[in-house]
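Coordinates in review
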Amino acid sequence: MDMETPYRRLDLSHRLSLLGPRGNTLSVIAAGNGPALMLLHGFPLDHRLWLKQLDHLSDTYHVIAPEFRGFGNSTLDEPNYTLSDLADDVEYIRTHLTNDRDSQTPDKQFVLCGLSMGGYVALEYWLRFRANLSGLILANTKPQADDEAGRSARLAMAEKARTDGTREALRGMPEKLLSANSISHRRELRSLVEDMMFSTESNTIAAAQTAMSGRRDFNSHLSSIDVPTLVITGEHDLLSPPDSTKQWASAIKDAKFKILSGSAHLSPLESPNEFNSVIREFCTEIT
Ligand code: MLT
């Protein structure tokens, strides 16, 4: 099992606030120099999902961790957005941040990694902007849209968040995201996850659930994905179980597939060493 790794040289001085195209604030944490690697967080989290990646992978890569609308320090100015709008935000951030600092040539291609909701956005990004991708990493996610029951559950959570607040809407969620071992024995990790979840404003919860309820189904697109792809899940992930993940990953040509031991849905936090070495290996192969 992947044990806690001490932070190597965590420096979050590279916290940026970009003024988005509609006057909104897009918060981005970036660290390191080198080929760009952008990390998209899951729901209802923020850049802190990626602290161990910002810390360790920034020795080689320009690691960029944006925060989606309303999450972390990004603002939610327009509650009715779609996941395609979030892919536009990713492209906006890419154009502002991935210029090679030693030359005037824009370094257009980058590796995009999305976890769960971040994975849904990464797939949207691929659909619209695939020429910019040197690699795609889909972690603890799935390509299918919600069925009717799934959509209703999301809209019910959105309503609960509006009426009863974040904490009530997210009751029982840490147990769904983390492994039983993390819940019982990794107190700091659990507190970090709960802090990310419970500090998210209720209108952000409602907006994100509504956006996810309307997301497109990517199953029919998988065989057209022609950028190098890595699919990752955790051995205990209940939301993206290894068997079904392996099955859809096999529809992507030459996709690599890894199951991380000891982790559930939040593998970058629960198995950071293994997560980082799998990413490093993939990025080394493709860049
Ligand atoms: C996430 O971790 O982003 C969520 O589990 C995504 C979802 O609700 O489908």
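If you're wondering where the values come from, they're calculated on a predicted model, not measured in any experiment. (Residues numbered from 1 in each chain as written. Predicted model: local features only at pLDDT ≥ 70, side-chain atom pairs only at ≥ 80, totals over all residues. Heavy atoms only, no water.)

1. Side note on the packing of aromatic side chains
Tallied over the full model, the rule gives four aromatic pairs. Seen from their ring centres, Trp50 and Phe275 are 6.1 Å apart, and the 45° between their planes marks the pair as tilted. Note that Trp50 is positioned in the loop between strand E3 (36-40) and helix H1 (51-56) and Phe275 in helix H12 (residues 272-286), a separation of 225 residues in sequence. Residue classification places Phe275 among the buried residues on the basis of a relative accessible area of 0%. Between the aromatic rings of Phe110 and Tyr125, the centroid separation amounts to 5.5 Å while the plane-to-plane angle is 85°, which identifies the pairing as edge-to-face. Of this pair, Phe110 sits in strand E5 (residues 110-115) while Tyr125 sits in helix H3 (residues 117-129), placing them 15 residues apart in sequence. Comparing Phe110 with Tyr125, the two get one shared label, buried. (Phe/Tyr/Trp six-rings, centres within 6.5 Å; stacked < 30°, edge-to-face > 60°. Helix = DSSP H or I, 4+ residues; strand = E, 2+ residues; numbered from the N terminus. Buried < 20%, exposed > 50% of the residue type's maximum accessible area, 1.4 Å probe, protein only.)

2. Comments concerning the nonpolar core
For soluble globular proteins, the rule of thumb is that nonpolar side chains tend to be buried together. Of all hydrophobic cores here, the largest spans 84 residues; its most connected members are Leu37, Phe43 and Met117. Look past the residues within four positions of Leu37 in its chain and what remains in contact with it is Leu57, Tyr61, His62, Val63, Ile64, Val111, Ile137, Ile279 and Cys283. (Core = buried A, V, L, I, M, F, W, Y, C linked by side-chain atoms within 4.5 Å. Contact = heavy atoms within 4.5 Å.)

3. Quick notes on the pattern of salt bridges
Using the criterion set out here, one finds 17 salt bridges in the structure. Between Arg215 and Asp146 there is a salt bridge whose closest N-O contact spans 2.9 Å. Of this pair, Arg215 sits in the loop between helix H9 (202-213) and strand E7 (229-234) while Asp146 sits in the loop between strand E6 (133-139) and helix H4 (148-164), and the two are 69 residues apart along the sequence. For the residue pair Arg215 and Asp146, the accessibility class agrees, reading buried in each case. We note a salt bridge from Glu168 to Arg171, for which the minimum N-O separation is 2.6 Å. Overall, the relative accessible area of 30% leaves Glu168 in the partly exposed class. What you see here is one network of salt bridges that share partners, running through Asp46, Arg48 and Asp195. (Salt bridge = Lys/Arg side-chain N within 4 Å of Asp/Glu carboxyl O.)

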